[in-house]
Amino acid sequence: MSQIQTYADYGITGINHYGTGEQRTTCPKCSSQRKAEHQHVQCLAVNVEKKTWFCHHCGWQGGLKQAQEKREWKPVETQNQKSPSEAIRTWFHNERGITPAVLDKNNVAVKEDAFIEGKKQTAIAFNYFVGETLVNVKYRTKDKKFSQVKDGAQVLYGLNDIENETECIICEGEMDKLSFNTADLWNAVSVPNGAPPETAKNTEKKMEFLTLCAAWLDNKNKIYLATDADAPGLRLREELARRLGKNRCWIVRYPEDCKDANDVLKKHGADRLRQCVEKAEMYPVEGVFSVNDFADDFADLYENGYPDGAKSGYPDFDRLISFHKGQLTAITGVPRSGKSNFLDQILIRLADRQQWKTALFTPENYPIKVHLQRLAEILVGKPFLPHLNGRMSKAESNIARLWLNESFFYVLPPDENFKLDAILERIAHLVMREGIQAAVIDPWNTIEHQRPRDMTETEYVGKVLNKLKYFARNHDIHLFVVAHPTKMSKQADGVNYEVPTLYSIMGSSNWFNVVDNGFVVHRQFDKTGVNSTTTVYVQKIKHRYIGVLGFARFEFDESCQRYTEISAPKQPDDGYMPEDDEEEEDQQPF
C-alpha cells in the first residue's frame, strides 16, 4: 500500500478530517512570519471532502494523495442456488415484514444442500458482492443456524449500496439490513458476523471487515450505528464508534419493546423504523453532556459494577494497578532503571493475556530490529543473538516474529516529522485499521515540541498532557508516556540515585496532576554496582477501582530481558515509600 498522507505531514493542524465542507486553520507556511496580531488568523481554508487547501494570505495550495490499496477479490462459487419460492417470499413478508422487491434487489436466494452443522440443509443464501464479484455467501436456516462458504471475504453485507453515499447505516444482521431497505433506506449495510459475545477478550476477527471495507467507510461524513439493543450489540456499537471516530457516528435507538431493526419493522412498521434513523442521537460532543447521554453506562454500572481492568499477571503489581482504556499513564525512572524494558514486559503480558494490540512511537529504540530482539527475548524467555548460551532456536525466533506482528505496530512519521499531531494521526489510523487498545510514546523528549513564546514550560506540559489524555479517551485506548526525570540526586552510598517522583519530570506538578496514573521504575544496585533489584512504585491512581498506591519488587534477567516478581518487603531497600508524595488532592476522589 502506498504511504497514506495526513495533514500533519504538511504541518497543517487543527483539522477534523471526519468533518464536512471547508474548515479554517492557521497556515504553516506564513502564519508564524506574520505580525504578532495576525499570527492566529485562520487564513488556510481546508476542504476536508476534497482533501485540498488554499491559503488566502500567501496563496499556498495543495492536497493529500491517498492511494488506496488495489485488492484482487477472490470470487466464490454459488452452486445450486435458486430463486426463493413463493412460499419463502410469503414467509419473509408475513413473518419478517420484508418485501419481495427487497429480496430481489439484494439477490437473496435459496440453497437446498447447504452444509450446516455437519449435514446438508435447506437455507436462505445471503450473497455478499463487491462490485460484480461474489465474495462471500452466508447461509441461514429457518431455525437460525448459520454457516458461510469457505474462504469468503469478511466484508459488509450490501457494500455496493454505500459506495457513492456520504452517509450509511451499519446494523448487526442481514435481516436488519433488509428491514432498512424495506423502509426505503438503501444506504444500509450489515456486519458479516454479528456482535462479539459480551465476555469475548479478542474481537479482532469479527472486526476484520473494517480493514477490508476501509475505502468505503473513510469518506462517510455520518455513520448511523443501528446495532442490537442488548449487551453484545452495545459492545459492537462502542467498538465501531471507537474505530470509525465518534465525531461522525450517530446512535440509532429502538422502541423499548424492540431489540433490533426487524423487530421495529414487524411491530411498528416502516415509518417508525425510518423515524428511528431520523431521530438518531449524536455521540456526546466533547464537553457537552446530558445525564441521558450516560444512560447505558449508568445501567451497566448498576447491573455489573466497575469493570475489571487489564492485568499483567504479576500478583503484587496487579494489586496496585490495572489498565483501563481511555486513560493516560506516565512512567519515569533514572537512567539504567529499565523503565522502557519494564513497559515492554507489561505490554507483552497484556497482549498475551488480554489480546491487547499496541502502537509504538519509540525513536530511541531504533533501529527497529534491535527493539524486536528485546521483545522476542521477553516473549520466548531466551537470548536471541549468536554465541549466547541457551539461545532460542530459529523456529522459536520465527514464531516470536509472527506473534509480535499481530500485537505491535511501529509509528514513524516520514521525514522524521515528530510533531505530536503527526504521531497521533497515525495512532488514530491504527485504532481504526487494527483495533489497537494501547499506544506508547517513549520518550517524551523525542516529540518535536512547539511551545509558544508566551507560554511557560509548566503551562505547555499541562496543555499537551491534557491533549494526550483526551485523545486516549476519545479513541478508547490506554496511552503510556515515558519521560525522563530532570531532577536527580545520589543516595548516601554514592552508587544509587534517589527514587524520583512524577514531580521530578520536566514540567513538574502537571505530570502528577494531569495524568490518570503514574509509576516509577527504580533499580537499586548493591555496592559493587553489578547486582540489583527493581522496585516499581505506583505513585498516582485516579480511581479506587483501578488500584492503590504501593510498590512491587522484581528481579531482572539481562540474558532474556525478563522481569520476575519477587516477594516485596514492607519497606524497600532504598527507604522510599510512595505515600511520601501522596497529596490529599486527586488521590481517591470516590
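Our structure is the block above this text.
Residues numbered from 1 in each chain as written. Predicted model: local features only at pLDDT ≥ 70, side-chain atom pairs only at ≥ 80, totals over all residues. Heavy atoms only, no water.

**Topic: the sheet that holds strand β12 (residues 222–226)**
Here comes step 1: Spatially, the five strands line up as an open sheet ordered β11-β10-β12-β13-β14, and their pairing is mixed. The open sheet is flanked by β11 (188–190) and β14 (281–282), the only strands paired with a single partner.
Here comes step 2: Strand direction decides the pairing type here: strand β10 (residues 167–171) and β11, joined by three bridges, are parallel. Looking at the pairing, isoleucine 170 lines up with valine 189 of β11. (Pairing = 2+ DSSP bridges. Helix = DSSP H or I, 4+ residues; strand = E, 2+ residues; numbered from the N terminus.)

**Structural notes on the sheet that holds strand β4 (residues 61–63)**
In a beta sheet, neighbouring strands pair by backbone hydrogen bonds and run either parallel or antiparallel.
Here comes step 1: Reading across from one edge, β1-β2-β3-β4 is the order of the four strands in this open sheet, with antiparallel pairing throughout. Each of the sheet's edge strands pairs with one partner strand only, and the pair in question is β1 (22–25) and β4. The mean inter-strand angle of the sheet, taken between neighbouring strand axes irrespective of direction, is 20 degrees.
Here comes step 2: Where strand β2 (residues 44–47) meets strand β3 (residues 52–55), four bridges bridge the pair, whose relative direction is antiparallel. Opposite leucine 44, over in β3, you have cysteine 55 as the bridge partner. (Axes fitted to C-alpha atoms, helices over the stretch in contact; angles between N-to-C directions.)

**Here's the deal with unusual backbone geometry**
For residues that are not glycine, phi is negative in most cases, and the peptide bond is trans in most cases.
Here comes step 1: A cis amide bond links tyrosine 366 to the next residue, proline 367, at an omega of 5 degrees.
Here comes step 2: Position of proline 367 among the secondary structure elements: in the loop between β16 (358–361) and α12 (368–380).
Here comes step 3: Cis rather than trans, the peptide bond between aspartate 442 and proline 443 has omega equal to -5 degrees.
Here comes step 4: Along the chain, proline 443 falls in the loop between β18 (438–441) and α15 (457–475).
Here comes step 5: Its identity is not glycine, yet aspartate 184 carries a phi of approximately 65 degrees, on the positive side.
Here comes step 6: Turning to its location among the elements, aspartate 184 is positioned in the loop between α3 (174–182) and β11.
Here comes step 7: Here glutamine 355, not a glycine, exhibits a phi torsion of approximately 60 degrees, which is positive.
Here comes step 8: Structurally, the position occupied by glutamine 355 is in the loop between α11 (339–354) and β16.

**Some words on the pairing of β16**
When a strand is regular, its side chains alternate between the sheet's two faces.
Here comes step 1: Of the two faces of β16, the one carrying Thr358 and Leu360 and the one carrying Ala359 and Phe361 are both buried.
Here comes step 2: Across three bridges, β16 lies against strand β17 (residues 408–410) in parallel orientation. Within β17, the position partnered with threonine 358 by the bridge is phenylalanine 408.
Here comes step 3: One ladder, built from four bridges, connects β16 with β18; its direction is parallel. Across the sheet, residue leucine 360 finds its bridge partner in β18, namely valine 440. (Buried < 20%, exposed > 50% of the residue type's maximum accessible area, 1.4 Å probe, protein only.)

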